[in-house]
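Summary of the model geometry
Here is how the chains run, residue by residue.
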Amino acid sequence: MKRNLFYMLAAFPLVILFYGCRDQYNEGLSLSFNDDWLFVREDSGAVNGILPDTLADRKWEKVNLPHTAMIESAVSGGSQWTGICWYKKYFRPDNKYKGHHLSLLFEGAMNDAIVYLNGTEICHNTGGYLPFFVDLTDDLIFGHENEIMVRLDNRDNKAIPPGRPYSELDFLYYSGIYRDVKLLVKDKLHITDAFEIDTLYGGGIMTGSRNINNNEAEIVTSSLILNSDKTIRLFSLTAELQDAAGTVIARAEKKGLDLMPGESERVDLEMRVLKPALWAPNHPFLYTLITEIKENETIVDMNATRIGIRDLKITAADGLILNGERRRLRGTNRHQEYPYLGYALSDNASYRDAYKIKEAGFNFVRCSHYPPSPAFLDACDELGIMVMDAIPGWKFIGDSKFRNASINDSKEMCRRDRNHPSVILWETSLNETVMPYNFITALKETACAEMPLAQCYTCSWVDSICDVFTPARQHAMPPEYWNMYKKEKPLLITEYGAKEYANQNSSGDMPSKGKVKPAINIPSRGAGEEAMLRQTFNFMKAHNHNLAGPAIGDANWIMFDYRRGCVNDIERSGIMDIFRLPKFAYWFYRSQAESSPVCFIASYNTPESGNIITVFSNADSVSLYRNNTLVGKQGPDFNEYTALLDHPPFTFRVNKYESGSLLAIAYKDGIEYARHSVTTASKPYAIRLSADMSNRPLTADGADAIFVYASVVDSTDNMAFSATDTIEFTIKGEGVIIGDNHVAAEAGIAPLLIRATSNPGRITVKAMANGLTQAEIMIESKKNN
């Protein structure tokens, strides 16, 4: 009776009046809020006493987001800036936004954030790896400049995961508003954001697939609708599934819905898809789910969600079955940092990292040891990379406040990422941390409760609770944990080959320069080819195992070198360095995949190279030529270290070193498949410049950054791998240099990081060094469409 009375006395006349006055602005918007911020960093000892109204006399710096509070060292560890910093932005809302629901979504700000609007605190969020939502609707002043201010504190805090002091942490957590901020403009009746309402499942849209086969699949969607208006709203909800061409292939609708003022409700829809294109690493087909709220056939809100249809089963008996096919996870780990910028990567930079992971031959990545950016997961969806999503944590567990925060991280990670087809595993566990079983159980149950429509496979380095057992490596575990493992759970080794490397090459022989003690520090690219071959062999040895039974795959440690707090040097276990330049191990992994032809000579062909030459290839046989003379044609190595590899390396022995050229030609089924050559360089003569776009152009947004590489070559353009010249870089046009502009070449290459301004246009980078012919490269930055 009460609802009906409200219909008769209030709803009809108010709705007519309201919509008669409202600007024809609907369907909802998600707008970038990254531009035109002001920033100040407080380094004084009295930072705790500084309040927003005392900052007026500070010298503020103009910045765009994502942003780091401090440009950090590129290649040393042991420290990072910590303290309190402030961001502010002046915002005059457009009058057409009146009567709408306005909010901000911060995708990541490190680590303890307080948000003020016009001097009044309106939000306090703890935790730097997941989004938080700020409702502005009732507090914005139209017709005036509104001041939005954010106070960030990234100092050690044992109540906020990962909790461990950064000086004891095997990574760094950096600073700033380092991910995107979005302005959400919605009708008062709208589809909520995932972080807008903290009820079971949170807000937003959940999707799921069931009864999947090649002929059909059922799609289930659940949308939380909120009426923040002052009157009852009558509406219908429709969902349409579009393929890559924009063709609608399935549709569902629910009519006759209503919500009272302040009321929210989940609305479920189901649709049937015929002949679905299933998502898989070799076929990452994505659909777009368009969800619309309509009043009298007028769209008042719309949401576009990318989804993939896939069927996943993981068991100890059958392993990992994706769309009816058993898959082996061939994976790596990734920390999300860049040199100098820390975590402040643009969306394009995140994509470029994912692209490199795919190019290296991996079909799986573990996001160690925290949730990555949404842009990285979007890239994994597009490129076909399966993902382990992880809550923040490493070798630390705190008090009840910390544990509650970890449980909240498990909840919010799932709310943010549950629609990504790439995410197949949820690491609801603190990495390499001894935890009470009731705590691990709470983390797992929290995650699964948030995903009633999706397949939820949790994982932990503790075997007895989660769905998949994911030890880093056996020697890193407490014996009682490993001894409990009875092959009752699927097994995934997540960090093999992390620290030490062996003294033999792939053929079982000692390297050409004789016995060398295993190094404590993993080699840099400049450590020489012998050291990089040792690192590669350790990865190879660890990767050479049978994945029958409960094992579903493995992941090496790690894709890219990174900085850490617990020691003073950089962690160099990566198969690419921190500047995204490949080591020999990169080519070994790339040769293990079938995605593209690979042939790589792991030699600089110098007097130090010795008489054993290794070639990585995914071909059947390889011919090696020295100075146009055939050294030999042979198949891949076969021994205890290589027997279980998909594509063992090819090892050639030569009588003595000769300068000149090495040429490897790889054959598959008797036909040339790929080739690679290396020529001994004469005296360094010139510089050659190249830019790393990795399938994404440079965007003129004040945040996108790319690497430019200066290679030292001889007079006939051969790489001078021994060159260590210091290269001086200069830049003109719509770009700036980030970090050092005098860089010493390592293994013949000096890397530079540049960032585009907000203005599209040409960027000219020049490189020079004493005694070398200088080089210049022109790069074009463009606005997003």
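See the structure printed just above.
Below: a short report on this structure. Along each chain, residues carry numbers from 1 onward, in the same order as the chain's sequence is written. Two thresholds apply to this predicted model, a pLDDT of at least 70 for residue-level local features and 80 or more for giving and counting side-chain atom pairs, whereas whole-chain, interface and lining totals are computed over all residues. Hydrogens and water are ignored here; the side-chain numbers use all heavy atoms of the structure.

A few words now on helix 4 (residues 400-417). Over its 18 residues, helix 4 runs 26 Å from end to end, which matches the ideal 26 Å to within 8%, given 1.5 Å per residue. A 1.4 Å probe rolled over the protein chains alone gives each residue an accessible area, and that area as a share of the maximum for its type sets the label: buried under 20%, exposed over 50%, partly exposed in between. We count a stretch as a helix when DSSP gives it H or I for four or more residues in a row; a strand needs E for two or more, and each element gets its number in order from the N terminus. Within the span of helix 4, buried status applies to Phe402, Ser406, Asp409, Ser410, Lys411, Glu412, Met413, Cys414, Arg415, Arg416 and Asp417. Looking at the buried side of helix 4, the elements it contacts are helix 3 (374-383), strand 24 (386-390), strand 25 (423-427) and helix 5 (437-449). What qualifies as a polar contact is a pair of N or O atoms within 3.5 Å, subject to a donor-acceptor requirement within protein and to the restriction that residues adjacent in sequence count only when both atoms come from side chains. Looking at where helix 4 begins, the residue whose side-chain oxygen comes 3.1 Å from the main-chain nitrogen of Lys401 is Asp399. Multiplying one less than the number of residues by 1.5 Å gives the expected span of a helix. Residue contacts are counted whenever heavy atoms from the two residues lie within 4.5 Å of one another.

Below, the discussion takes up the packing of aromatic side chains. Each pair of aromatic rings taken from Phe, Tyr and Trp, with Trp reduced to its six-membered ring, is defined by centres within 6.5 Å and is described as stacked if the planes are under 30 degrees apart, edge-to-face if over 60, and tilted in the remaining cases. Summed over the entire model, instances satisfying the criterion amount to 31 aromatic pairs. Here Tyr129 and Tyr370 contribute two aromatic rings whose centre-to-centre distance is 4.6 Å and whose plane-to-plane angle is 15°, an arrangement assigned as stacked. Of this pair, Tyr129 sits in the loop between strand 7 (120-126) and strand 8 (132-135) while Tyr370 is found in the loop between strand 23 (364-367) and helix 3, placing the two residues 241 residues apart along the sequence. Tyr370 shares its class with Tyr129; the two are buried. Each residue in the set Tyr129, Phe171, Tyr174, Tyr178, Tyr343 and Tyr370 is aromatic and connected to the rest through ring pairs, giving one cluster. One Lys or Arg, Arg41, reaches over the ring of Trp81 and ends 6.0 Å from the middle of that ring. Ring-over charges, as used throughout, are those where CZ of Arg or NZ of Lys falls within 6 Å of the ring centre and within 35 degrees of the ring normal.

Within strand 2 (residues 37-42), 5 of the 6 residues are buried, which leaves it mostly tucked inside the rest of the structure. Both strand 2 and strand 3 (residues 61-63) contribute to a ladder of 3 bridges, which runs antiparallel. Along strand 3, the bridge assignment pairs Leu38 with Lys62. Strands are labelled as partners when DSSP assigns at least two bridges between them. Across 5 bridges, the pairing between strand 2 and strand 4 (residues 84-91) is antiparallel. Within strand 4, the position partnered with Leu38 by the bridge is Lys88.

Here Pro161 and Pro162 are connected by a cis peptide whose omega angle stands at 15°. With an omega of 15°, the peptide bond running from Trp557 to Ile558 counts as cis. Of note in the backbone geometry, Asn118 takes a positive phi value of approximately 50° without being a glycine. Along the chain, Asn118 turns up in the loop between strand 6 (112-117) and strand 7.

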